[in-house]
Amino acid sequence: MSILSRYASRSVLPGPAERLAPGRTALVVVDMQNDFCAPGGYIAEALGKDVSGLAAIVAPLQALLDSARAAGVPVVWLAASYEEESLPPSMIAQRRRLGVEAVCCRKGSWGADFFGVGPAENEPVFVKHTYSGFSNPKLELHFAGRGIEALAFCGVQTNVCVESTLRDAHARGFDIAIVSDAVASHAPQLHEATLANVRFLFGDVPTSTDLIALWAAARDAAAA
């Protein structure tokens, strides 16, 4: 049951403090891997894009991870693995059109390794072979029965894998947030377009500081 169904009789809809409360929210970290974020990775070398700004999200993302773990917010990781034999035909066709032969996030490679942050021992990693994390059916099964009704997204790239997963989550009925200073793209204008789309149609766009404060207040209230 969605939070709106539970609060259908209320004249004022629930605000972010309720929608993103620790007991109903998971933090989803998308594709924080060398091939997307690091100089010498796939985006920089194979596609020739400037990734120098992406490292700026590591510090706020680490603070967000620390806050989530302290507040009991589950953390879920997505990791790309784009060997051609695993890709859908649509992605293969686009690779052909772009003339790209390099493999992004090849299993076991440096490019597939996490960049700047990484999962704790008990945090699951769901591998995906296309842009949306929900292409791996195990992701939705993981949330089922755990009381997770809201997802807060961080990671890269804002306008591709973050947005693709976010849209699929929204279509499945999850409340959505995208953490504005903990997502990034090599294309700043497309990053901003995704944030604007989320504000308009999909959900909340807090900063990491906003979400950390919200979770800290909930933790303190529970301890009082």
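Nothing here was measured: the structure is a model prediction, and the numbers come from that model.

Visitor: Is there a simple way to explain the pattern of salt bridges in this structure?
Guide: Two side chains carrying opposite charge are able to pair once their charged atoms lie near each other. What the rule picks out here adds up to 10 salt bridges. We note a salt bridge from aspartate 31 to lysine 128, for which the minimum N-O separation is 2.9 Å. Of this pair, aspartate 31 sits in the loop between β1 (25–30) and α3 (34–37) while lysine 128 is found in strand β3 (residues 125–128), placing the two residues 97 residues apart along the sequence. Lysine 128 shares its class with aspartate 31; the two are buried. We note a salt bridge from glutamate 123 to arginine 69, for which the minimum N-O separation is 2.7 Å. Of this pair, glutamate 123 sits in the loop between α6 (89–98) and β3 while arginine 69 sits in helix α5 (residues 58–71), and the two are 54 residues apart along the sequence. Overall, the relative accessible area of 10% leaves glutamate 123 in the buried class. Residue arginine 69 is classed as partly exposed on the basis of its relative accessible area, which comes to 31%.

Visitor: Just checking my understanding: could you explain the packing of helix α8 (residues 158–171) against helix α9 (residues 188–202) for this structure?
Guide: A pair of packed helices is characterised by two quantities: the angle between their axes and the separation of those axes. Here α8 crosses α9 at 15 degrees, and the two axes come no closer than 10 Å. By the angle class used here, α8 and α9 are roughly parallel. Of the two possible hands of crossing, α8 and α9 adopt the one that is left-handed. Where α8 approaches α9, its residues Thr158, Asn159, Glu163, Leu166, Arg167 and His170 are matched on the opposing element by Leu190, His191, Thr194, Leu195, Asn197, Val198, Leu201 and Phe202.

Visitor: Please clarify how the packing of aromatic side chains should be interpreted in this entry.
Guide: Two aromatic rings are characterised by how far apart their centres lie and by the angle between their planes. Under the criterion given, the structure shown has 5 aromatic pairs. Here tyrosine 82 and tyrosine 131 contribute two aromatic rings whose centre-to-centre distance is 6.4 Å and whose plane-to-plane angle is 85 degrees, an arrangement assigned as edge-to-face. Of the two residues, tyrosine 82 is situated in the loop between β2 (75–80) and α6 and tyrosine 131 in the loop between β3 and α7 (137–143); the sequence distance between them amounts to 49 residues. Take tyrosine 82: its relative accessible area is 7%, and that puts it in the buried class. Pairing phenylalanine 143 with phenylalanine 174 gives two aromatic rings, centres 5.5 Å apart and planes at 70 degrees, and the pair type is edge-to-face. Separated by 31 residues along the polypeptide, phenylalanine 143 in helix α7 and phenylalanine 174 in the loop between α8 and β5 (175–184) bring together distant segments of the chain. Each of the two residues, phenylalanine 143 as well as phenylalanine 174, counts as buried. Each member of the aromatic cluster is reached from another via a ring pair, and the members are Phe36, Tyr82 and Tyr131.

Rules used throughout
- Residues numbered from 1 in each chain as written.
- Predicted model: local features only at pLDDT ≥ 70, side-chain atom pairs only at ≥ 80, totals over all residues.
- Heavy atoms only, no water.
- Salt bridge = Lys/Arg side-chain N within 4 Å of Asp/Glu carboxyl O.
- Helix = DSSP H or I, 4+ residues; strand = E, 2+ residues; numbered from the N terminus.
- Buried < 20%, exposed > 50% of the residue type's maximum accessible area, 1.4 Å probe, protein only.
- Axes fitted to C-alpha atoms, helices over the stretch in contact; angles between N-to-C directions.
- Parallel < 35°, antiparallel > 145°, perpendicular 65-115°, else oblique.
- Left-handed = near helix turned anticlockwise from the far one by under 90°.
- Contact = heavy atoms within 4.5 Å.
- Phe/Tyr/Trp six-rings, centres within 6.5 Å; stacked < 30°, edge-to-face > 60°.

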